Amino acid sequence: MSVRHCDERNRLFLEHRTAAERYSAAVTELTRKMGISSFDDYRELHQAAEAARTRSNEARGRVARHVAEHHCETSK
Ligand SMILES: [Zn+2]
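Residues numbered from 1 in each chain as written. Predicted model: local features only at pLDDT ≥ 70, side-chain atom pairs only at ≥ 80, totals over all residues.

Undergrad: Would you mind going over helix α1 (residues 7-33) with me for this structure?
TA: Each α-helix winds once per 3.6 residues, and so residues spaced three or four apart point in a common direction. With 27 residues, α1 should cover 39 Å at 1.5 Å per step; its first-to-last C-alpha distance of 39 Å lies within 8% of that length. All buried positions along α1 are accounted for by Leu-12, His-16, Tyr-23 and Ala-26. Against the buried residues of α1 lie α2 (39-70). At the exit of α1 stands Gly-35, carrying a positive phi of roughly 85 degrees. (Helix = DSSP H or I, 4+ residues; strand = E, 2+ residues; numbered from the N terminus. Expected span 1.5 Å × (residues − 1). Buried ≥ 20, exposed ≤ 12 C-beta atoms within 10 Å, placed from the backbone. Contact = placed C-beta atoms within 7 Å.)

Undergrad: Where do I start with the environment of Ala-20 in this structure?
TA: Mapped onto the elements, Ala-20 comes out in helix α1. Of the residues examined, Ala-20 has 17 C-beta atoms within 10 Å and is grouped as partly exposed. For Ala-20 and Ala-64, which are 44 residues apart along the polypeptide, the C-alpha to C-alpha distance reads 15 Å.

Written out as structure tokens, the structure is:
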């Protein structure tokens, strides 16, 4: 039997959404600066975008792990 509502899952899900939005914003910034900023600036933005992507992936992993351990996936 699965749990319909889980505060922890909601919290982790929101965390992932925030991280995903930050990654998206970083990519937008990177695209906007492409060709107009110096190589160093671009490299810095690129690293920031990569870091944001890693955080987003980790947050998604935490949601998946929690759901697997807690069996609180609502789609079932
Ligand atoms: Zn849960």
